[in-house]
Amino acid sequence: MIALASAAIAPTAQAADLVRLGNLKFAHYGAVAYMKEIAPKCNLKIEERVFAKGLDIVPAIIAGEIDVSASALEAAISGRASGVPVYLVGGFAKGGVRIVGRPDLNIHSVADLKGKKVGVTRGGPQEILLFTELAKNKLTWSDKPGKDVQIIYMGYPDLNQALLAKEIDAMSQSEPYATQAMHKKYGAEIMKPYDTPLGEPVRALVMTEKMYKEKRDVAARFMQCFVMATRQFIADPKLAEKYVRESMFKNQVTSDDYQDAMNNASFTENITTEHVQQTTDYMVKYNIGRMATPPAAKDWVKLDLLEAAQKSVSK
């Protein structure tokens, strides 16, 4: 049974503290979404706002509309590089990316992408992992014609429609969209792009500096809630599937879609400064985010609240 330390859940007459959460609609973002359901246990009220992609959350943070966000690590790094006052306080999911091609083209490897149009959403792990794989196979790429591979940028759901309509030949896609393309037979797996030094991507939980510095008690309880939700999803896969399929996707994702998507992703609480720095270095290498001043991970990765929450939440 997951429980908070008794002091953290002592009865109180105080009104629940509001935390405004930015999130994305993916299977592996489910534990973050579930936090709002158990927030009262931590004397919190979590208001979730779902965005189309991680980069879209940045203006909302700048405008003071979001306190904590869950997004691709790359979007978080780009935001910090552009001066958004945030700290990276945890990791919440690993994996969740697949390179998928049109079955009629018989694309069996990244090398087979030469001469092809490949779709991807800008600013997430799908982009950096695709570029890393193309470089590994000594292929050149650009969003303009003339290179080995032409990159076509579009939103996550649009990628599937473009693959179905044969407007692109392959896509580097997030779950469960990649799995859905495969189940509906208009996509075939080329690979899970984890065989480079970057390994499996870790998604980032980011908190505003203002909340981290000025609302330490609220920030601490938020991280306790995060650990509770994550451990509950890991301990009870049926709960996780039911919540993601019914509450997040309104039954538009089948059980098979969910199972296969989560076979390519996992919930986690952890991220390392080293992984953040390595991802930053690769973003610079491939000019992702066009960062004038890339942030040093050691300056903005703050894992003290996560470590305290992990100690206070019993398994």
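If you check an unreviewed UniProt entry, the protein appears there as ABC transporter substrate-binding protein from Massilia agilis.

1. A look at the packing of aromatic side chains
This model, assessed by the stated rule, comprises twelve aromatic pairs. With centroids separated by 5.1 Å and ring planes inclined at 75°, the aromatic side chains of Y34 and Y243 adopt a geometry described as edge-to-face. Here Y243 lies in helix α9 (residues 237-248) and Y34 lies in helix α1 (residues 30-38), a separation of 209 residues in the sequence. Aromatic ring contacts, followed pair by pair, group F26, Y29, F92, Y156 and Y177 into a single cluster.

2. Notes on the confidence of the model for the protein
Interpretation of the predicted coordinates at a detailed level should be avoided for regions scoring low in pLDDT. Averaged over all residues, the pLDDT of the protein equals 93, while 96% of them reach at least 70. Across residues 1-12, where pLDDT falls below 50, the model places 21 contacts with residues more than four positions away in sequence or in other chains.

3. Some points on helix α13 (residues 304-312)
Every buried residue of α13 is accounted for by L305, L306, A309 and S312. Along the axis of α13, the buried residues cluster in a sector spanning 130°; they form a single face.

4. Some points on empty space enclosed by the protein
Here the structure, examined in full by the defined rule, presents three cavities of 30 Å³ or more. Size it by volume and the largest cavity reaches roughly 80 Å³. The wall of the largest cavity is formed by G54, I57, V58, I61, S69, S71, A75, A76, G79, V84, V86 and V206. Those elements giving two or more residues to the lining of the largest cavity turn out to be α2 (57-62), β4 (68-71) and α3 (73-81).

Thresholds applied
- Residues numbered from 1 in each chain as written.
- Predicted model: local features only at pLDDT ≥ 70, side-chain atom pairs only at ≥ 80, totals over all residues.
- Heavy atoms only, no water.
- Phe/Tyr/Trp six-rings, centres within 6.5 Å; stacked < 30°, edge-to-face > 60°.
- Helix = DSSP H or I, 4+ residues; strand = E, 2+ residues; numbered from the N terminus.
- pLDDT = per-residue confidence, 0-100.
- Contact = heavy atoms within 4.5 Å.
- Buried < 20%, exposed > 50% of the residue type's maximum accessible area, 1.4 Å probe, protein only.
- Arc of directions from axis to C-beta.
- 1 Å grid on protein atoms, 1.4 Å probe; cavity = no way out; pocket = protein on both sides within 12 Å on 5 of 7 lines; lining within 4 Å.
- Points joined across faces, edges and corners; volume = space filled by probe spheres on them.

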